[in-house]
Amino acid sequence: MKRLYVLALLAFLAEASFAQVIIHPDPYVAGLVEAVSADSVEASVRRLAAFGTRHTLSETDSETEGIGAARRWIRRTLERYAEAGGGRMEVAFDEFPYRADGRRIDRDVVMKNVVARLPGTDPNDDRVFIVSGHYDSRVSDIRNATDYAPGASDDASGTAAVMELARVLAGERFPATLIFMTVPGEEQGLIGARHFAEKADSLGWNVAGMITLDIVGNTLGDNGTKDNRTIRLFSEGVPVTETERDAGLRRAVGGENDSPARQFARYLKEVGERYAPLMRVKLIYRRDRFLRGGDHIPFSEHGFAAVRMTEPNEAFTRQHQDVRTEDGIAYGDVPDAVDFAYIANVARVNLAGLVNLALAPPPPQKAGLWARGLSVDTRLVWEPPAAGADRVAGYYVLVRDTTSPVWEKKIFVGNVTEYTLKGVSKDDNFFGLQSVDAAGHESRILFMKPIFR
Ligand SMILES: [Zn+2]
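Residues numbered from 1 in each chain as written. Predicted model: local features only at pLDDT ≥ 70, side-chain atom pairs only at ≥ 80, totals over all residues. Heavy atoms only, no water.

K.L.:
Please clarify how the sheet that holds strand β4 (residues 177-183) should be interpreted in this entry.
P.N.:
Where strands meet in a sheet, backbone hydrogen bonds hold them as pairs that are either parallel or antiparallel. Read from one edge to the other, the open sheet built from eight strands follows the order β1-β2-β4-β3-β5-β8-β6-β7, with strand pairing classed as mixed. Unpaired on one side and paired on the other, β1 (90-98) and β7 (280-284) mark the two borders of the sheet. On average, each strand axis in the sheet is tilted by 25° relative to the strand beside it, whichever way the strands run. Bridging between strand β5 (residues 206-213) and strand β8 (residues 306-310) involves four bridges; their strand directions are parallel. Residue T212 lies in a different strand from β8, and its bridge partner there is R308. Across the face of the sheet, helix α5 (residues 152-169) comes into contact with β2 (109-118), β3 (127-134), β4 and β5 while running at roughly 140° to β3. (Pairing = 2+ DSSP bridges. Helix = DSSP H or I, 4+ residues; strand = E, 2+ residues; numbered from the N terminus. Axes fitted to C-alpha atoms, helices over the stretch in contact; angles between N-to-C directions. Contact = heavy atoms within 4.5 Å.)

Below is the structure:
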């Protein structure tokens, strides 16, 4: 038995033929992950459900009912977290008028995103990472703005997770900027998120990653499966904003499975599972579920790497339903049906990924795979990041077989600006690159495209 194991290991090493890195989790990040509280998440979900409805066109004058009271409560709570964290986190409404559109919005309305921004400490590091949930809710009839619509999983769960990240991180300092956002109008056409994505684009922000947490609370699916260990992560393959030239290159050498969104998803899986080992991040290689959309889509449309997280087994009896019992089946998105410990674990996965990114140096630049001339070796070249290069301790080269869905090898190559993989065919593999600091925080992954300079 033992001998077999050794042989298998030797075979693996022989095949790998280069060293894999051993990654030690950073105790600082682990401590923050530990600070996420299921009780705090539960309190937020129950409070949000208690506003009766959070329909986008519901009451805004009451202090106890409707979307107005809900967003003011979210804002006050985030302001309290900001104050407890020393006042660096900025909390504000991002408000805008929205005209009746003859579809799901039948009168003019003022929409208010609630945005908590934790500014980066490095003025030269312009990376912004956004995590978002939608605070509006609905019942069966999308136009009904008065009936009880607790929206506990859709999407008080995501809203509560975002708020919990803000609570834990408000007092921390990272080189890059983090934005904790909750938005309205998702059910009416991704309105709040679309406004923010347009704004980010028009202001020229470097949104290096965006995650929407939407329906992350139910762990019992309509298929009878109970799973509180898996989170699905949706990412699109070919970017909407791909140019003709990029498309030509992609058809020639592959890369349809290597969009920035997909690299972001692989990153969140690796780092999320590193710090929340009970959880499995299940990559889904499509933009969203059938007949559904989410707040990541407007960000994708503006060329940002944007992904969606959703519970593992759909419970359609819970989503977008009047709260009722029919033929012995309980319908409705009520707080008692969501799993608060699970939402906290989803928050932990996100916290690990976002903090690791915000601490990491930016990725290298002008990176590519040397494609001039034929060779049995693979030569990768790059330049250090324009900002934060002083924090770079070195680089990871990532390698995988062309048919593998995830990176298979991660090689630390030192603080260099080129690396040759001897005898490794560029025809048979895909390559990625990350910068990494001395504490092991990796940047986002660059997919290595051919360069001919
Ligand atoms: Zn939703």
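Anyway, onward from the coordinates.
K.L.:
Would you take a moment to explain the pattern of salt bridges for this structure?
P.N.:
Pairing between side chains of opposite charge can happen when the charged atoms of each approach one another. The tally for this structure, following the rule as stated, stands at 33 salt bridges. Between E63 and R72 there is a salt bridge, with its nearest N and O atoms 3.1 Å apart. By relative accessible area, E63 is classed as partly exposed at 46%. A relative accessible area of 23% means that R72 is categorised as partly exposed. Between E301 and R194 there is a salt bridge, with the nearest N and O atoms lying 3.6 Å from each other. With E301 in helix α9 (residues 296-301) and R194 in helix α6 (residues 191-202), this pair connects stretches of sequence that are 107 residues apart. With relative accessibility at 29%, the residue R194 sits in the partly exposed group. Each of D214, R232, D288, R289, R308 and E314 takes part in salt bridges that share partners, so that together they form one network. (Salt bridge = Lys/Arg side-chain N within 4 Å of Asp/Glu carboxyl O. Buried < 20%, exposed > 50% of the residue type's maximum accessible area, 1.4 Å probe, protein only.)

K.L.:
Even after reading the chapter, I still don't get the layout of surface pockets, so can you show me in this structure?
P.N.:
The probe, sized like a water molecule, is rolled over the atoms to show the empty space still left. If you add up the space inside the largest pocket, you get close to 880 Å³. Surrounding the largest pocket, 38 residues form its lining, V253, F447, M448, K449 and P450 being those nearest its centre. Those elements giving two or more residues to the lining of the largest pocket turn out to be α7 (244-253), α8 (260-275), β11 (365-370), β16 (429-436) and β17 (446-447). Residues of the lining of the largest pocket, tallied by class, amount to 17 nonpolar, twelve polar and nine charged. (1 Å grid on protein atoms, 1.4 Å probe; cavity = no way out; pocket = protein on both sides within 12 Å on 5 of 7 lines; lining within 4 Å. Points joined across faces, edges and corners; volume = space filled by probe spheres on them. Nonpolar A, V, L, I, M, F, W, Y, C, P; charged D, E, K, R; others polar.)

K.L.:
Help me understand the coordination of the zinc ion, please; the structure alone is not making it clear to me.
P.N.:
Protein coordination of the zinc ion is provided by H134 (NE2), D154 (OD), D214 (OD) and D214 (OD), with donor distances spanning 2.0 to 2.7 Å. Here the zinc ion binds four donor atoms, and the angle range of 52 to 145° at the metal identifies the geometry as irregular. The sequence motif formed by the donor residues of the zinc ion is H-x19-D-x59-D. In this pair, H134 is assigned in strand β3 and D154 in helix α5, connecting sequence segments 20 residues apart. D154 carries the same exposure label as H134, and that label is buried. (Donors = N, O, S within 2.8 Å, 3.2 Å for Na, K, Ca; no water. Tetrahedral: all angles 85-135°; square planar, octahedral: opposite > 155°, others 65-115°.)

K.L.:
Would you mind going over empty space enclosed by the protein with me for this structure?
P.N.:
In the structure shown here, the tally under the stated rule is one cavity of 30 Å³ or more. Around the largest cavity, the lining residues are R138, G151, D154, H320 and D333. Of the residues contributing to the lining of the largest cavity, the split by class is no nonpolar, two polar and three charged.

K.L.:
Help me understand the packing of aromatic side chains in this model?
P.N.:
How two aromatic rings sit relative to each other is given by the distance of their centres and the angle of their planes. One pass over the full model with this rule turns up six aromatic pairs. Note on Y396 and F412: the rings are 6.0 Å apart at their centroids and 75° apart in plane angle, and the pair reads as edge-to-face. In this pair, Y396 is assigned in strand β13 (residues 394-401) and F412 in strand β14 (residues 409-412), connecting sequence segments 16 residues apart. Relative accessible area serves as the criterion here: at 7%, Y396 is assigned to the buried category. For F412, a relative accessible area of 40% translates into the label partly exposed. Centre to centre, the rings of F430 and F447 are 5.7 Å apart; their planes meet at 65°, and the pair counts as edge-to-face. You can see F430 sitting in strand β16 and its partner F447 sitting in strand β17, a full 17 residues away along the chain. Across the pair, F447 and F430 agree in class, each one buried. Here the basic side chain of R324 rests over the ring of Y331, its NZ or CZ set 4.1 Å away from the ring centre. (Phe/Tyr/Trp six-rings, centres within 6.5 Å; stacked < 30°, edge-to-face > 60°. Lys NZ or Arg CZ within 6 Å of the ring centre and 35° of its normal.)

K.L.:
It is not clear to me how the packing of helix α4 (residues 66-84) against α5 should be interpreted in this structure. Could you clarify?
P.N.:
For any two helices packed against each other, the geometry is given by the interaxial angle and the distance between the axes. Running from N to C, α4 and α5 point in directions that differ by 20°, and their axes come no closer than 9 Å. Judged by the angle between their axes, α4 and α5 are roughly parallel. Once α4 is placed against α5, the crossing between them reads as right-handed. Here W73, I74, T77, L78 and Y81 of α4 come into contact with α5, specifically with T159, M163, A166 and R167. (Parallel < 35°, antiparallel > 145°, perpendicular 65-115°, else oblique. Left-handed = near helix turned anticlockwise from the far one by under 90°.)

K.L.:
Looking at this structure, I do not really get the side chain of S300. What am I missing?
P.N.:
Residue position: S300 is located in helix α9. Apart from the residues within four sequence positions on either side, S300 is in contact with E236, V240, T241 and A306.

K.L.:
Looking at this structure, I do not really get the domain arrangement of the chain. What am I missing?
P.N.:
When the parts of a complex come together, some accessible area is lost, and that lost area is often used as the size of the interface. Domains assigned within the chain are domain 1 (2-25 + 362-451) and domain 2 (36-359). Spacing between the C-alpha centres of domain 1 and domain 2 amounts to 32 Å. Facing 24 residues of domain 1, the contacting portion of domain 2 comprises 25 residues. Taking both partners together, domain 1 and domain 2 bury about 2000 Å²; carbon and sulfur atoms supply 57% of that area. Our enumeration of links across domain 1 and domain 2 arrives at five salt bridges. Across the domain 1-domain 2 interface, the total number found is ten residue pairs in polar contact (both at pLDDT 80 or more). Of the residues assigned to the side of domain 1 that touches domain 2, the class counts are twelve nonpolar, five polar and seven charged. (Domains from an automatic or database assignment. Buried area = accessible area lost by both parts, 1.4 Å probe. Polar contact = N/O pair within 3.5 Å; in protein donor to acceptor, adjacent residues only side chain to side chain.)

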